Amino acid sequence: MLDEWTSSSPAQSGLNEDFQAISLSRPESKIFSLDVLEQNAAKGHGLVTSVAAGNNVLLVGTSSGWIVRHDFGGGDNLELELSRGADQYVCKVFLDPSGRHCLANLRSSSVAETFYIHAKWKKVRAVSRLKGVLVNAVCWNKSQLSDYSSGEIVLATASGQIYEMLVEEKDKKEKYVKVLFELTELKEAFTGLQIENISSSTTTRYFIMAVTPTKLYVFVGTGSLESLFSSYAGRVVKFTELPGEFQKSEIHFYGKRYAESFAWLAGPGIYHGELHITTQVSEDSIVGSKWLLEYSKINEDGSSTRPEALSLTQHHFLLLYGGKLKVVNRTSQKLVEEDSVFDMTAPNMLGLCADYAAGAYYAYSNTSIFEITVHDEDRDMWRVYLGMKEYAAALEHCRNIFQKDEVYRAQADGAFEAKKYMIAASFYAKITGVITFEEIALKFLKINEQDALRTYLLRKLDSLGRDERSQITMVATWVVELYLDKMNQLLLHNDETQSQYAGVVEEFKAFLSDSKDTLDEATTLKLLTSYGRNEELVFFASLKNRYETVVNHHIQQRNAKKALAVLRRENVPLELQYKFAPALIMLDANETVEFWMSCEGLNPQNLIPALMRYSSISRPREEAHQAIKYLEFCVQRLKNEDTTIHNLLVSLLVKQGDEKELLKFLQVKYGREQPGKPDVFYDPNYALRVCLDEKQTEACVFLYSMMGLHEEAVSLSLKVDVDLAKMEADKVEGDEELRKKLWLCIAKHVIKEEKGTKRENIKKAVAFVNETQGLLKIEDILPFFPEFTLINDFQEAIYASLQEYNARIEELKLEMNDDTLNAEKLRKDINDLSQRSAVTTPDEECADCRRKILAYDPLHGPASLFYVFPCEHCFHTECLINYMLKTGEKAERDRILELKKRMSVLAVEKPPHSKKDYLAEEEESGIHPLDQANAEIAEIVANECPHCGERSVRDLWKPFVPPREAEYAASWEIVKV
């Protein structure tokens, strides 16, 4: 299996080559670069003392007491003078994140002043209430900043106080300045301050960090800043203290929306950690994952030299050491880059500042400003986390499959070395390039870890693409073999592994179900067979719709119910129903027949072999005959008309010996109400033959009678019951001679079979004659009596017969007299009709055209031939013909038109060919064609009066169709009431 995979995976080797090519490429460029942004940052106003940044604006404080504003966002550059004496200089400058509001601290040997500058102002304004206060740090409330208001400004001073101030641009001065907090017991200068606030619809939550040269204070509360700090008035403020006083101590926050991390530049090192401000946690849990990065780990010489300044990025610390910028990864706490300032005019750097709104970082010396450019800071973080074995974080920072492969491989190798082979297999399966499939498989094969190998193959199947069809099939087949081997091993152990065995079996079935479309059917069936896994073989065959295999297995197990359950599925072909019908009905006839009765589309003819096989086996009489049950269902419910089905049902009913059930079926006429079909669908001849074989006499009598063989029916009936014979004789209708013959046969049988005295026999014979209702006479049965029978014994019967004859003769005489009188009347009526005539007056009108019959008419010319009917209606010949052409039957109209055409041909002077044919007909018949045509037309049109005859009555049922609706006439119907 491994060799097959190796020989058929060129894509895998190509992937490895790509990975090697990338890994051998040139080293990546630096993440941070230091470039000169402004060489003359003070614009000739002394030296740079402090720089602040915000929203692409740089604010520079100088040694001569000036403020220089550099606006890289397209605004105005300003130069404002703060100094009022020669020894004053700008100690620190502060700029809000929007770049609009500025604070500057002016200091001299004797006094310190704080000034407020707005971006729109051309002059500075001193904050009178802060005169003499040296401000070391400033924080702005980002949610309250606007063009016209500075919002809450929090200031930390060198005297250990925290102030709150608000400046309105329109007032040109501070609105208020108040002390929020003051260190009293341990009085120190605040050197750094950071604030984060989260506002909701009801309140605002504040988180504040303030640092001194040795301590870190944390303030947390809700409401206003004043209420927050007032809550600390009666209790000890919690702080973190680190040894080693450091006057350049500072604190920084970093976060995309809210602060997520902090870093404190302290005496012994950088104290940093994570912030959980947005989550609802306790005050003690807001700061987490705290760590102290000692300076000795940063410096190459292992010294504890402190940096001049600190700035915080997403993943790194930026540290300023004289003329060098060192970059330390915050996660690994290792120095990753170092850059030197190649500017002879500024050998010593003063500090760092960050513009988080614009995502920019700056370093500055006493003359110049340098821009720190960040190039793809995230790119190596996956490797950092990988080195720390934080695999989840490493995967989050991976950017391509090759980096992910490295992480997965490190995870897998670590688990493999720890002998956690199942976990290793899962991670190895995720690798696509850095190690081949063959190498991984061999690692598990060498240590005989079949379970881990199976796990690896299963996970590998999930990662293979659809186009890798052959690889998927081979891996899936290998998995099948591993499952089979595992199940066999578990079977060899004791009962303790039974639960595990059951779990593996269920897992294997689930795998077969998921992989049924990728596994090679023939190979899989062969494997299952070779391992003797019949249950799984049936399961897989069912998944692959190999119903024949499944049903055959259940039949071999003599489990008809399971076999029928398979056949009940929708997509099972009907051919399988027929194929397994004989075996199933022998296993469980009742269930099989019930299934057939519930199955649609079955052809009962194809089930005849199964029914015959079932019927050939003897069974107890009290047991229901399932074949008869199914055939009756076909005949009665399905209305089956197949002669074979009906004949089979007859033969089975005959063999049952229950003649009542047989007669009940034979007598039902299933085809009676169906035109063009026989009353019964079984073959009477076949039915008669099987009934004769089984001596079912009454059934034979019925069949003889149905076939019109009344003599045979009566003859057979006399062997059983005379009354049955009488009933059969009475069934004859329309053939008195045959009926009499049958009754004579019955009479002969009755007379010969009587065992009483002569007188009793004669009385019974006379009574029998009376039953025939006049069909037999006493003289008809006399020949059946013995010759020595005395006539005196029939005296009464003969006398009654003679009286009946006499009465009949008298009736015939009366009928003859009536017939003679009626004949005379008919002869008289015929004679009168021959003498009858009709008188037509000159004013008589045609009943159709209402013109005079005898007058000259422009349409008909002079008086011509006309018809007078006994009802005295008169019609011109042409009017009568036209009337018939309009209202007559189609055959009559066609015949009249044909005759008129013949007459028009005969009337022309120059005889056409057809006229010669008509004249030739005259020679044969002896009648002139014109006379013959006129006579035939007269016979059609003058048969009866159009207004008074039967034709006028029939016309009442015809619809009246106007000419414009003639096209709809064919769809009209006459409803007879």
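Criteria and cut-off values
- Residues numbered from 1 in each chain as written.
- Predicted model: local features only at pLDDT ≥ 70, side-chain atom pairs only at ≥ 80, totals over all residues.
- Heavy atoms only, no water.
- Helix = DSSP H or I, 4+ residues; strand = E, 2+ residues; numbered from the N terminus.
- Buried < 20%, exposed > 50% of the residue type's maximum accessible area, 1.4 Å probe, protein only.
- Polar contact = N/O pair within 3.5 Å; in protein donor to acceptor, adjacent residues only side chain to side chain.
- Core = buried A, V, L, I, M, F, W, Y, C linked by side-chain atoms within 4.5 Å.
- Contact = heavy atoms within 4.5 Å.
- Phe/Tyr/Trp six-rings, centres within 6.5 Å; stacked < 30°, edge-to-face > 60°.
- Lys NZ or Arg CZ within 6 Å of the ring centre and 35° of its normal.
- Pairing = 2+ DSSP bridges.
- Axes fitted to C-alpha atoms, helices over the stretch in contact; angles between N-to-C directions.
- Parallel < 35°, antiparallel > 145°, perpendicular 65-115°, else oblique.
- Left-handed = near helix turned anticlockwise from the far one by under 90°.
- Nonpolar A, V, L, I, M, F, W, Y, C, P; charged D, E, K, R; others polar.
- Salt bridge = Lys/Arg side-chain N within 4 Å of Asp/Glu carboxyl O.

A.B. asks: Can you help me understand the environment of Asn-77 in this one?
C.D. replies: Tracing the sequence through the fold places Asn-77 in the loop between β4 (66-71) and β5 (78-81). Judged by relative accessible area, which is 53%, Asn-77 ranks as exposed. Taking the C-alpha atoms as reference points, Asn-77 and Val-57, 20 residues apart in sequence, are found 9.2 Å from one another. From its side chain, Asn-77 meets the backbone nitrogen of Asp-71 in a polar contact 2.7 Å long.

A.B. asks: Looking at this structure, I do not really get the nonpolar core. What am I missing?
C.D. replies: Generally speaking, nonpolar side chains in soluble globular proteins are found buried as a group. In terms of nonpolar packing, the biggest core is built from 60 residues, with Trp-596, Val-650, Leu-666 and Tyr-682 touching the most fellow members. Sequence-distant contacts of Val-650, defined by excluding residues within four places in its chain, comprise Leu-662, Phe-665, Leu-666, Tyr-682, Ala-687 and Val-690. Counting 47 residues, the second-largest nonpolar core is a separate cluster that includes Ala-441, Leu-457, Val-475 and Phe-540.

A.B. asks: When you look at the environment of His-397 in this model, what are you seeing that I'm missing?
C.D. replies: Its place among the elements puts His-397 in the loop between α5 (391-396) and α6 (401-417). Along the sequence, His-397 and Arg-383 sit 14 residues apart, while their C-alpha atoms lie 8.7 Å from each other. Leave out the neighbours within four places in its chain, and His-397 touches His-315, Met-381, Trp-382, Tyr-385 and Gln-403.

A.B. asks: Just to check I follow, could you spell out the packing of aromatic side chains for this structure?
C.D. replies: Two aromatic rings, taken as a pair, are described by how far apart their centres are and by the angle between their planes. Under the definition given, this model contains 26 aromatic pairs. A centroid spacing of 6.1 Å and a plane angle of 90° characterise the contact between Tyr-356 and Tyr-361, whose relative ring orientation is edge-to-face. With 5.8 Å between their ring centres and 35° between their planes, Tyr-483 and Phe-511 make a pair best called tilted. Taken together, the residues span a long stretch of sequence, with Tyr-483 in helix α10 (residues 469-491) and Phe-511 in helix α11 (residues 498-514) at a distance of 28 residues. For Phe-511, a relative accessible area of 6% translates into the label buried. Joined through ring pairs, the aromatic side chains of Phe-181, Phe-190, Tyr-217, Phe-219, Phe-229, Tyr-232 and Phe-239 make up one cluster. Sitting over the face of the ring of Phe-416, Lys-443 holds its NZ or CZ atom 4.5 Å from the ring centroid. Looking at Lys-509, its charged tip hangs above the ring of Phe-539, at a distance of 5.7 Å from the centre.

A.B. asks: Mind showing me how you'd approach the sheet that holds strand β26 (residues 349-355) here?
C.D. replies: Think of a sheet as strands paired side by side through backbone hydrogen bonds, with each pair either parallel or antiparallel. The 4 strands are arranged β1-β28-β27-β26 in an open sheet whose pairing can be described as antiparallel. Lying at the two open borders of the sheet, with one neighbouring strand each, are β1 (32-38) and β26. On average, adjacent strands in this sheet sit at an angle of 25° to one another, irrespective of strand direction. Relative to strand β28 (residues 369-374), strand β27 (residues 360-365) runs antiparallel, the two sharing 4 bridges. Residue pairing for β28: Tyr-362 is matched across the bridge by Glu-371.

A.B. asks: Honestly, the sheet that holds strand β24 (residues 324-329) in this entry has me stumped. Any pointers?
C.D. replies: Spatial ordering of the open sheet is given by β22-β23-β24-β25, a layout of 4 strands whose pairing is antiparallel. At either end of the open sheet lies a strand with only one pairing partner, and these are β22 (309-312) and β25 (335-340). Within the sheet, the average angular offset between the axes of one strand and its neighbour, ignoring direction, is 20°. With 4 bridges joining them, β22 and strand β23 (residues 316-321) adopt antiparallel strand pairing. Each bridged residue has a counterpart across the sheet, and for Leu-312 the counterpart in β23 is Phe-317.

A.B. asks: I'm lost on the packing of helix α7 (residues 421-430) against helix α9 (residues 450-463) in this one. Help?
C.D. replies: To describe two helices that pack against each other, one gives the angle between their axes and the distance between the axes. In contact at an axis separation of 8 Å, α7 and α9 are set at 25° when each is read in the N-to-C sense. One way to sum up the angle between α7 and α9 is to call them roughly parallel. Here α7 and α9 pass one another in a crossing that is right-handed. Listed contacts from α9 to Tyr-421, Met-422, Ala-425, Ser-426, Tyr-428 and Ala-429 of α7 are Asp-451, Ala-452, Thr-455, Tyr-456, Arg-459, Lys-460 and Ser-463. Considering only residue class, the contact of α7 with α9 consists of 7 nonpolar, 3 polar and 3 charged.

A.B. asks: I tried to follow the pattern of salt bridges on my own but got confused; where do I start?
C.D. replies: Working definition: two side chains of opposite charge can pair if their charged atoms are close together. By the definition in use, this model includes 26 salt bridges. Here Lys-248 makes a salt bridge to Glu-308, at a shortest N to O gap of 2.2 Å. Note that Lys-248 is positioned in the loop between β17 (239-241) and β18 (250-254) and Glu-308 in the loop between β21 (287-294) and β22, a separation of 60 residues in sequence. A single salt-bridge network, built from bridges that share partners, covers Glu-164, Lys-178 and Glu-226.

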